[in-house]
Amino acid sequence: MSWNTRLRSAKVSLVSIAALACAALAFASSPASAATSSGVNDWTCVPTAAHPQPVVLWHGLGSNGPTDMGSMAQFLAGKGYCTYYETYGTTYYGPYVGGLAPMETSAAQLQAFVTKVLGSTGASQVDIVGHSEGTTVPAYYLKFLGGAALVKNFVGYGSNF
């Protein structure tokens, strides 16, 4: 069975909802600091000592960055994190439905996006939070595309691995 077939058959469970709640609580309990960014994908954001890694949020299968990660991104930006997302893996369904391209293509997009975030912020590493397929793509990036050196923390909820 191919990766794409397995991913399309994946279902969100109560465990993934609990994992999301735990991730949100972990971020909420971080030391408070003034927001360094006016919002999400603010390419002028500068990480702070309290939040030295920018956070890359990676959406799930058949979704997009704003729909899947918008609320979490706004929450984290409000807590002073430099937060970023994009819609990856788009195909013939258009720019608002992502996560459908082959794993290698999506992981290469993550690699390019992390490089862009690091270049913009001046940070040496990012944190990645992924949902559903957004956990599998970063796992591929970490294992096969050299991402492990550039990622400090990786949190997945609704994980496929």
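These figures come from a predicted structure and were not determined experimentally.

Definitions and cut-offs
- Residues numbered from 1 in each chain as written.
- Predicted model: local features only at pLDDT ≥ 70, side-chain atom pairs only at ≥ 80, totals over all residues.
- Heavy atoms only, no water.
- Helix = DSSP H or I, 4+ residues; strand = E, 2+ residues; numbered from the N terminus.
- Contact = heavy atoms within 4.5 Å.
- pLDDT = per-residue confidence, 0-100.
- Axes fitted to C-alpha atoms, helices over the stretch in contact; angles between N-to-C directions.
- Parallel < 35°, antiparallel > 145°, perpendicular 65-115°, else oblique.
- Nonpolar A, V, L, I, M, F, W, Y, C, P; charged D, E, K, R; others polar.
- Buried < 20%, exposed > 50% of the residue type's maximum accessible area, 1.4 Å probe, protein only.
- Pairing = 2+ DSSP bridges.
- Right-handed = clockwise from strand over helix to strand, strands pointing away.
- Phe/Tyr/Trp six-rings, centres within 6.5 Å; stacked < 30°, edge-to-face > 60°.

A.B. asks: What is the right way to read the overall build of the chain from this model?
C.D. replies: What the chain contains, in helices and strands, is five helices and four strands. Helices (α) and strands (β) of the chain occur, in sequence order from the N terminus, as α-α-β-α-β-α-β-α-β. The long-range fraction of contacts in the chain, counting pairs at least 24 apart against all pairs at least 6 apart in sequence, stands at 72%.

A.B. asks: In this structure, what is going on with the confidence of the model for the chain? I would like to understand it.
C.D. replies: Should pLDDT be low for a region, the predicted coordinates there are not to be read in detail. On average, the chain scores 82 in pLDDT, and the residues at 70 or more come to 76%. Within the model, the stretch residues 2-38 combines pLDDT values under 50 with 48 contacts to residues more than four positions away or in other chains.

A.B. asks: Would you take a moment to explain the packing of helix α4 (residues 103-121) against helix α5 (residues 133-144) for this structure?
C.D. replies: When two helices pack together, their arrangement is given by the angle between their axes and by how far apart the axes lie. Where α4 meets α5, the closest approach of the two axes is 9 Å, and the angle between their N-to-C directions is 75°. In terms of their interaxial angle, α4 and α5 are classed as roughly perpendicular. Facing α4, whose interface residues are Met103, Glu104, Ser106, Ala107, Leu110, Gln111 and Val114, α5 presents Glu133, Thr136, Val137, Pro138, Tyr140 and Tyr141. Here the contact of α4 with α5 is composed, by residue class, of eight nonpolar, three polar and two charged.

A.B. asks: So what exactly am I meant to see when it comes to the environment of Val117 here?
C.D. replies: Relative to the elements of secondary structure, Val117 occurs in helix α4. Each C-alpha atom of the pair Val117 and Cys45 lies 9.8 Å from the other, and the pair is 72 residues apart in sequence. Those residues within four positions of Val117 in sequence are excluded, and the remaining contacts are Trp43, Pro54, Val56, Tyr84 and Val126.

A.B. asks: Looking at this structure, how should I read the environment of Gln74?
C.D. replies: Tracing the chain through its elements places Gln74 in helix α3 (residues 65-78). Sequence separation of Gln74 and Gly39 is 35 residues, and the distance between their C-alpha atoms is 6.5 Å.

A.B. asks: For this particular structure, what's the right way to read the pairing of strand β1 (residues 55-58)?
C.D. replies: Within a regular strand, the side chains alternate between the two sheet faces. The alternating pattern of β1 places Val55 and Leu57 on one face and Val56 and Trp58 on the opposite face, and all of these are buried. As paired strands, β1 and strand β2 (residues 83-85) are joined by three bridges and run parallel to one another. Bridging from a neighbouring strand, Val56 pairs with Tyr84 of β2. Between the parallel pair β1 and β2, the chain is carried across by α3, and the sense of this crossover is right-handed.

A.B. asks: Can you help me understand the packing of aromatic side chains in this one?
C.D. replies: The description of an aromatic ring pair rests on the distance of the ring centres and on the angle between the ring planes. On inspection of all chains with the given rule, the structure shows six aromatic pairs. On the basis of an interplanar angle of 85° and a centroid distance of 5.9 Å, the ring pair of Trp43 and Phe113 is categorised as edge-to-face. Of this pair, Trp43 sits in the loop between α2 (14-28) and β1 while Phe113 sits in helix α4, and the two are 70 residues apart along the sequence. On the basis of relative accessibility, which here comes to 5%, the residue Phe113 falls in the buried class. For the pair Tyr140 and Phe144, a centre-to-centre distance of 4.8 Å together with 50° between the ring planes defines the contact as tilted. With Tyr140 and Phe144 both in helix α5 and four residues apart, the pair spans about one turn of that helix. An aromatic cluster of three or more residues is present, and its members are Trp43, Trp58, Tyr84, Tyr88 and Phe113.

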